[in-house]
Amino acid sequence: MTSPAAGPAPTVDDEALARCADEPIAVPGAVQPHGVLLAVREPDLAVVVASGNAADLFGGPVAGRGLDELLDPADAGRLRAGLAGDLAELNPLRVRVRAAGGEVDLVVHRADGLLVTEWEPVRGAEEAGIAWHRRLPTVLQRLAASATLDELSAVLARDVRALTGFDRVMVYRFDPEWNGEVIAEDRRADLEPFLGLWFPAGDIPAQARALYETNWMRLIPDAGYRPVPLEPATVGRRPLDLSGAMLRSVSPVHLEYLANMGVRASMSISLVDRGKLWGLIACHHYAGPHRPSYTDRTAAEFLGRTASLLLPTKVVAGDQGGVVEVAQRQAELAAVVGRTPRGLAAALTDGEVTALGLVPAAGVAVRLGGQLHLAGTTPPAERVGPLVRDLLAAGVRATDAVSRVLPAAADLAATASGVLVAEVAGGRGDYLAWFRPETLREITWGGNPYTSKTAQTDAGPRLSPRRSFDAWSETVRERSQPWLDHEVAAARSLAALLTETAANRATEDNRLATALQRTLLLEQLPEVPGVDLAARYLPSADDVVGGDWYDLVPLPGGRVSVVLGDVAGHGLAAAAITAQLRHALRAHLLRAAGPAAALDGLNEVIGALLPGELATAVVAELDPATGEVVIANAGHLPVLHATAGATEYLHEGRGPALGLLDAAGYREIRLTLAGDDRLLLVSDGLVERGRGGLSAGLDDLRAAVAGGPVTPQALADAVLAALDPPRTDDVTLLALART
Amino acid sequence: MHFDVERTTVAGRPALTVRGELDLATSPQLAEAAEALLSAGPAGIVVDLTPTVFLDSSGARTLIAVARKAAAAGAELHVVAPRSNRPVRLPIDLLELGAVVPIVNSAGEVPSPAVNRDAT
């Protein structure tokens, strides 16, 4: 039962409940008085057990007599013929019983090795009449055409009432704890509505529910009846099994319950979904006793069975609300995962399509590569990890009541009453977690479910149905909307995709990183006497390989060439071109007479071997002994020259980017590095994406260098800290000074 | 940031007006639009970078490619990149793109198409 954390403690007497659970409802040893029960032996059909009212119907004692004797020969013949076949086809057999002076519906089944015959006089029964039965096809069509569970239930309530004439017909649906909710109702206009009321699980005890799964129809035409005992009380040593008998006398507790509700006659029909009791069609009559004919009851049961067959599709349709939307989000997220090589966790929480949109939830936590990203409304970051870990330790991956699993997490109810966790495998403790807030659910019970259940009787406390039938509402706390199966499945499949992707990327990243290190960057800058050089390289956050490269090439005679270049484009293709250019430039630097000639050579290489590619490069050739520097620049950002008095970009000695012209004809600028003078070579990733764009970036760089430390190492760090470039492109920085 | 390439007319010539950031992610759109425009066999086309807010080396490379395709198609290309649009003009100047891509300072500097005398 949905026991609320903040509700009153149940006061039901355990002993009384246990007694009720023990009550032998299948073998009450008595029947209701609106018919007669005879259990007969086959094949002679001699009466073995008879209800105490048999003599009234048959005009004398029946013990030891045979049915051939009690029936007209023609009826007896039809009965015997029917017994050879399916009994369901025989029922009801309308027979004439002379003493009763009228027609009787005879219904038979077998139990305990006997043929149980039940005799229900037609007189006194209500007949809906032929008109209704003609409408049956229309009713069936309406049931089948109903698109939703609500529609199906409404049709069912209306037509069962039209058929049986009860004052009120309700369709109940059981929740997982067997509380019943009235989901449809058709009633006499003057009656108080019960629609939306909840009835506590205790109203229908477990053994009654078990009986309802096999016996689909119960009728109590007069709740004020006096039970008629069976004689003899036992067959062999046991009372006759009446679980299949329509006349079975019901529990006195149930009668008391009906009386408390003012119900004079009641009927219920089981609704069974895939073999499991799903709900009931409950019919109440208040005006007085009420007994629909056997035929009409059978027709009502038929509607119940038809609705039961239709239930699976309607229930699934209701539970799978949003299944299409979820599937679409799933596809969109898969696309995001596919096109996001880096920073997946950020993409899944900050992008246009986020993991939060996958299923209806208020917040999501994405932990990938050990990094936790949150979106929407979630518990505080420091609580998310422990919460998920504790849930997984408890073996819970989806719950709509976290505080039931983890009482210590009750204070998170506002953000995380419901949690859905999907683990991302890979041994890094990664996961996805969705959070749903507390949904204060108002439940209106048909009477207070927690009190007035036991009454003192001479035999000790016994269950007594609720005295008061006033609606009694409570608020269910620390519960969220439940997670539907397809939502759980979508969460798991996204996690599985991320697991797979992470594994693939890890392999790819290793390979690329190795290639990058080997071809583009120097594992260690060579020591060049008289030169102090600091290099910084930051790969882009989006792409493991950018187009930047730098190099330090010692030349014959003690000079050294410092190179910084940038190939347009990203990714493996750019990396491959970058590697080729780096090696080609090295060769030209070693062979050529100065930086400009080397760049000319490199430009020819691109024109001949890599048409369509575009690159920039700057070469600064330093003679550490004299401080003389020769610089040539192919379309690259200007070199920054910082002296004690000024910090200026070198706009001389420039030429077009590599690959633009067949013959570029690069020029050179010469200067001398004195004392604390420094040169800075940077790639555009450092300056082009800041606020104000490239020109502001160049101004900022100049200011940072002018006010920065003197030594190249400290200066490089200071510049990176000051410019704090967004990692959308790779960033390279070389700072150079004489020692 | 929003990016689009709009088919417009500048100085009576078919033109592509580029809005937003022209970079690695967006420049394929310009390349595609230019190719479509050139396939009609115009005498000249214009790429208007006046409303472009960013240009990186990938964008520059695309401009070069467009220039080469235009030359191959016998179409005269003009790229409008006003000096006042520093974020776009500065990289163009640094790369010296003007060596292969005819850069003009404003739409007014794009000559009107030559009148086809046979048609008058």
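My aim in this report is to walk through the structure given alongside it, one point at a time. The shown structure was predicted, so the numbers you read here are calculated from the model rather than taken from an experiment.

If you look at the interface, chain A gives 24 residues, while chain B gives 21 residues. Together, the buried faces of chain A and chain B total about 1800 Å²; carbon and sulfur atoms form 60% of this surface. By the criterion of area lost to chain B, the three top residues of chain A are Leu-614, Leu-660 and Arg-689 of chain A, representing 29% of everything that side buries. Residues Arg-61 of chain B and Glu-613 of chain A are paired through a salt bridge, measuring 2.5 Å at the closest nitrogen-oxygen approach. Scanning the region where chain A abuts chain B turns up five residue pairs in polar contact (both at pLDDT 80 or more). Listing elements by their share of the side of chain A that touches chain B, those giving two or more residues are strand 30 (654-655) and helix 20 (693-706) of chain A. A per-element tally of the side of chain A that touches chain B places helix 20 of chain A first, with three residues. Grouping the constituent residues of the side of chain A that touches chain B by class yields ten nonpolar, nine polar and five charged.

Right, let's talk about the packing of aromatic side chains for a bit. Residue and element names in this part refer to chain A. Under the counting rule described, the total for this entry stands at three aromatic pairs over all chains. When the ring of Phe-58 is compared with that of Trp-119, the centres are 5.0 Å apart and the planes differ by 85 degrees; the resulting orientation is edge-to-face. Placement of Phe-58 in helix 2 (residues 54-58) and of Trp-119 in strand 6 (residues 114-121) is noted, with a sequence separation of 61 residues between them. With respect to class, Phe-58 is no different from Trp-119; both count as buried. A centroid spacing of 5.2 Å and a plane angle of 65 degrees characterise the contact between Phe-174 and Trp-178, whose relative ring orientation is edge-to-face. Taken together, the ring pairs connect Tyr-172, Phe-174 and Trp-178 into an aromatic cluster. The lysine or arginine in question, Arg-305, covers the ring of Trp-216, its NZ or CZ lying 4.0 Å from the ring centre. The cationic tip of Arg-436 hangs over the ring face of Trp-483; the distance from NZ or CZ to the ring centre is 3.8 Å.

Residue and element names in this part refer to chain A. The pairing of strand 14 (residues 363-368) with strand 15 (residues 371-376) spans six bridges and is classified as antiparallel. Each bridged residue has a counterpart across the sheet, and for Gly-363 the counterpart in strand 15 is Gly-376. Counting the residues between successive antiparallel strands, the hairpin from strand 14 to strand 15 contains two residues, one of them, Gly-369, with a positive phi of roughly 55 degrees.

Residue and element names in this part refer to chain A. Counting buried positions along strand 13 (residues 276-285) yields nine of ten residues, so the element is predominantly enclosed. Judged from the nine bridges that link them, strand 12 (residues 265-273) and strand 13 form a sheet pairing that is antiparallel. The residue bridging Ser-268 from the neighbouring strand is Ala-282, located in strand 13. Joining the antiparallel neighbours strand 12 and strand 13 is a turn of two residues, in which Arg-274 adopts a positive phi near 50 degrees.

Residues and elements named next belong to chain A. Mapped onto the elements of the fold, Leu-303 is located in helix 10 (residues 294-319). It is 7.6 Å that separates the C-alpha atoms of Leu-303 and Val-160, two residues lying 143 residues apart in sequence. Ignoring sequence-local partners within four residues, the contact set of Leu-303 consists of Trp-132, Leu-136, Val-139, Leu-140, Leu-143, Leu-156, Asp-159, Val-160 and Leu-163.

Looking now at unusual backbone geometry. Following Asn-91 of chain A, the chain continues to Pro-92 of chain A via a peptide bond in cis, the omega torsion being -15 degrees. Structurally, the position occupied by Pro-92 of chain A is in the loop between helix 5 (87-90) and strand 4 (93-97). Positive phi, normally seen in glycine, also occurs at Asp-724 of chain A, with a value near 40 degrees. With respect to the helices, strands and loops of the structure, Asp-724 of chain A is situated in the loop between helix 21 (712-723) and strand 33 (731-738). Judged by its relative accessible area of 58%, Asp-724 of chain A falls in the exposed class. Although it is not a glycine, Glu-96 of chain B sits at a positive phi angle of roughly 55 degrees. By secondary structure assignment, the location of Glu-96 of chain B is in the loop between helix 3 (86-95) and strand 6 (103-104).

Pairs of packed helices are described in terms of their axes, by the angle between the two and the distance that separates them. All names here are of chain B. At a closest axis distance of 9 Å, the pairing of helix 1 (residues 27-38) and helix 2 (residues 57-72) adopts a crossing angle of 10 degrees. Relative to helix 2, the element helix 1 lies roughly parallel. Residues Ser-27, Leu-30, Ala-31, Ala-34, Glu-35 and Leu-38 of helix 1 form the contact with helix 2, whose own contacting residues are Ser-58, Gly-59, Thr-62, Leu-63, Val-66, Lys-69 and Ala-70. A breakdown of the residues in the contact of helix 1 with helix 2 according to their chemical character gives seven nonpolar, four polar and two charged.

Structurally, the position occupied by Glu-613 of chain A is in the loop between helix 18 (595-609) and strand 26 (615-623). Looking at Glu-613 of chain A, the relative accessible area reads 19%, which means it is buried.

In this section: the sheet that holds strand 32 (residues 678-682) of chain A. All names here are of chain A. Spatially, the five strands line up as an open sheet ordered 23-33-32-28-29, and their pairing is antiparallel. Bordering the open sheet on either side are strand 23 (531-538) and strand 29 (647-650), each of which pairs with just one other strand. Here the strands of the sheet are splayed against their neighbours by 20 degrees on average, with no regard to which way each runs. Across the sheet, helix 20 touches strand 28 (639-642), strand 29 and strand 32, and the angle it forms with strand 29 is around 135 degrees. Set on the sheet, helix 21 makes contact with strand 23, strand 32 and strand 33; between it and strand 23 the angle comes to about 25 degrees.

Calculation rules
Residues numbered from 1 in each chain as written. Chains lettered and ligands numbered in written order. Predicted model: local features only at pLDDT ≥ 70, side-chain atom pairs only at ≥ 80, totals over all residues. Heavy atoms only, no water. Contact = heavy atoms within 4.5 Å. Buried area = accessible area lost by both parts, 1.4 Å probe. Salt bridge = Lys/Arg side-chain N within 4 Å of Asp/Glu carboxyl O. Polar contact = N/O pair within 3.5 Å; in protein donor to acceptor, adjacent residues only side chain to side chain. Helix = DSSP H or I, 4+ residues; strand = E, 2+ residues; numbered from the N terminus. Nonpolar A, V, L, I, M, F, W, Y, C, P; charged D, E, K, R; others polar. Phe/Tyr/Trp six-rings, centres within 6.5 Å; stacked < 30°, edge-to-face > 60°. Buried < 20%, exposed > 50% of the residue type's maximum accessible area, 1.4 Å probe, protein only. Lys NZ or Arg CZ within 6 Å of the ring centre and 35° of its normal. Pairing = 2+ DSSP bridges. Axes fitted to C-alpha atoms, helices over the stretch in contact; angles between N-to-C directions. Parallel < 35°, antiparallel > 145°, perpendicular 65-115°, else oblique.

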